[in-house]
Amino acid sequence: MARILIIDDSKLILHVAKTILNKQGHQVLLAEDGNTGLQTAATEYPDLILLDLILPGIDGYEVCQRIKKEDATSEIPVIMLTSKSEAADKVRGLEMGASDYVTKPFDEGELIARVNIHLQIRELHENLKEKNRQLKEMANRDGLTGLYNHRYFQETISKDFQRAIRYHESLSCVMFDIDHFKKFNDNYGHQTGDMVLKTLGGLIEELIRDSDLSARYGGEEFVLLMYHTAPKEALMIAERLRKAVEQYKFHADDLVLTVNISVGVAGFPHPEITDAKTLIECADKALYRAKDEGRNRVVVF
Ligand SMILES: [Mg+2]
């Protein structure tokens, strides 16, 4: 079942087309002139539009052009209803963005067939768009943890740093890794290590704010980007995360395991931090200091 808008100034045509389409299970919206049709298209966002070319006021060509020009309605297929048999009119309508035409008086079977074809094409198109969106999202994600990946993080922080400068916003970067993770992997195996990374990914997502961005930086290293957040505030969130990880019990077979993280925090504005690269480097330096000072702690640059 689809929602179909018919724009035609003939009450008879509206009635006949509506009856045919209703029988097919479609919901039908009606408009008797171009302006009403455009309004209905913009507010109701139908799945398909049947459009008469000769209308009082603005004609069908112009209605079609406007539907195709507006982002919100541009992808709605338009089938012209024309009583003219001249090829030139059909061509002009197709040039304005119409998908097809049906000549009046129309044959019931032909109208149904053409409507169904264009509904199918539209559905395929929508599915393809959704698939593309999913693929794009997958390409930005780390396969193991589900967090954003290194490449996406780098792209994002570059853009976000520019914005932070332009709008004088604070931006904090939190970098952390799992203490002695190599030893952990040696002791318990890489599968258990991967389980910890994966679980940690979920824990991070749960603990950070919706507005923060989290990514797997590489190996056992993670990074958070906190918007409108000064280092002081980032430190509090980082400390909360450090504690939560420290207390978390990872279950592997009949073992209950724990891990700790060392955390470095750096934030803009800061006299030494002038670009995204330096922001990351400073967070990394703070992380190394956290390691030097005995691990399982948060250090602010
Ligand atoms: Mg007419």
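Above: the structure in question.
Rules of the game
Residues numbered from 1 in each chain as written. Predicted model: local features only at pLDDT ≥ 70, side-chain atom pairs only at ≥ 80, totals over all residues. Axes fitted to C-alpha atoms, helices over the stretch in contact; angles between N-to-C directions. Helix = DSSP H or I, 4+ residues; strand = E, 2+ residues; numbered from the N terminus. Parallel < 35°, antiparallel > 145°, perpendicular 65-115°, else oblique. Contact = placed C-beta atoms within 7 Å. Nonpolar A, V, L, I, M, F, W, Y, C, P; charged D, E, K, R; others polar. Pairing = 2+ DSSP bridges. Left-handed = near helix turned anticlockwise from the far one by under 90°. Core = buried A, V, L, I, M, F, W, Y, C linked by C-beta atoms within 7 Å. Buried ≥ 20, exposed ≤ 12 C-beta atoms within 10 Å, placed from the backbone. Right-handed = clockwise from strand over helix to strand, strands pointing away.

*Asks:* Pulling in residues and values, what's your account of the packing of helix H7 (residues 181-188) against helix H8 (residues 190-207)?
*Replies:* Closest axis-to-axis distance for the H7/H8 pair is 7 Å, and the angle between their directions is 130°. One element, H7, and the other, H8, form an angle in the oblique class. Where H7 approaches H8, its residues Phe181, Phe184, Asn185 and Tyr188 are matched on the opposing element by His190, Thr192 and Gly193. Counted by class, the contact of H7 with H8 contains 3 nonpolar, 4 polar and no charged residues.

*Asks:* Explain unusual backbone geometry to me, and be specific about the residues and the numbers.
*Replies:* Cis geometry marks the peptide bond from Lys104 to Pro105, where omega comes out at -5°. Tracing the backbone through its elements, the reader meets Pro105 in the loop between strand E5 (100-103) and helix H5 (108-139). The omega angle of the peptide bond from Phe268 to Pro269 is 0°, so this bond is cis rather than trans. One non-glycine residue, His180, adopts positive backbone phi at about 50°. Positionally, His180 belongs in the loop between strand E6 (171-178) and H7.

*Asks:* Which residues make up the sheet that holds strand E3 (residues 48-52), and what values go with them?
*Replies:* Two strands in a sheet stick together by hydrogen bonds in their backbones, pointing the same way (parallel) or opposite ways (antiparallel). Strand order across the open sheet formed by 5 strands is E2-E1-E3-E4-E5, with parallel pairing between neighbours. Single-partner strands in this sheet number two, and they are strand E2 (27-31) and E5. For this sheet the average axis-to-axis angle between neighbouring strands, irrespective of direction, equals 20°. As judged from the 4 bridges shared by strand E4 (residues 78-82) and E5, these two strands associate in the parallel manner. Within E5, the position partnered with Ile79 by the bridge is Asp100. On the sheet, helix H3 (residues 60-69) packs against strand E1 (3-7), E3 and E4 and is oriented at approximately 155° with respect to E3.

*Asks:* Tell me about the packing of H8 against helix H9 (residues 231-247), residues and numbers included.
*Replies:* In contact at an axis separation of 11 Å, H8 and H9 are set at 140° when each is read in the N-to-C sense. The orientation of H8 with respect to H9, classified from their angle, is oblique. Every pair of crossing elements has a handedness; the one defined by H8 and H9 is right-handed. Facing Leu200, Leu203, Ile204 and Leu207 of H8, the residues of H9 in contact are Arg240, Leu241, Ala244 and Val245. Its residues placed into classes, the contact of H8 with H9 shows 7 nonpolar, no polar and 1 charged.

*Asks:* Tell me about the sheet that holds strand E11 (residues 261-268), and please be specific about residues and values.
*Replies:* Strand order in the open sheet formed by 5 strands is E7-E8-E6-E11-E12, and the pairing between neighbours is mixed. Lying at the two open borders of the sheet, with one neighbouring strand each, are strand E7 (213-218) and strand E12 (298-300). Here the strands of the sheet are splayed against their neighbours by 20° on average, with no regard to which way each runs. Along the sheet face, H9 touches E6, strand E8 (221-227), E11 and E12 and points at about 165° away from the line of E11.

*Asks:* Mind laying out the nonpolar core, listing which residues take part and the relevant values?
*Replies:* Membership of the largest hydrophobic core comes to 47 residues, with the highest contact counts inside it found for Val174, Val265, Leu279, Ala283 and Ala286. Among all residues touching Val174, those that are not within four sequence positions of it are Val223, Leu224, Met226, Ala234, Ala238, Val263, Val265 and Ala283. Of all hydrophobic cores here, the second largest spans 26 residues; its members include Ile49, Leu50, Ile79 and Tyr101.

*Asks:* Talk me through H7; I want residue IDs and the actual numbers.
*Replies:* Across the 8 residues that make up H7, only a small minority, 0, are buried. Directly beyond the C-terminal end of H7, a positive phi value near 95° is found at Gly189.

*Asks:* Any chance you could break down the pairing of E4 for me, citing the residues and the numbers?
*Replies:* With respect to burial, E4 is a largely interior element, 5 of its 5 residues being buried. Of the two faces of E4, the one carrying Val78, Met80 and Thr82 and the one carrying Ile79 and Leu81 are both buried. Note: E3 against E4, 4 bridges, orientation parallel. Paired with Leu51 across the strands is Met80, a residue of E4. The handedness of the E3 to E4 crossover, carried by H3, is right-handed.

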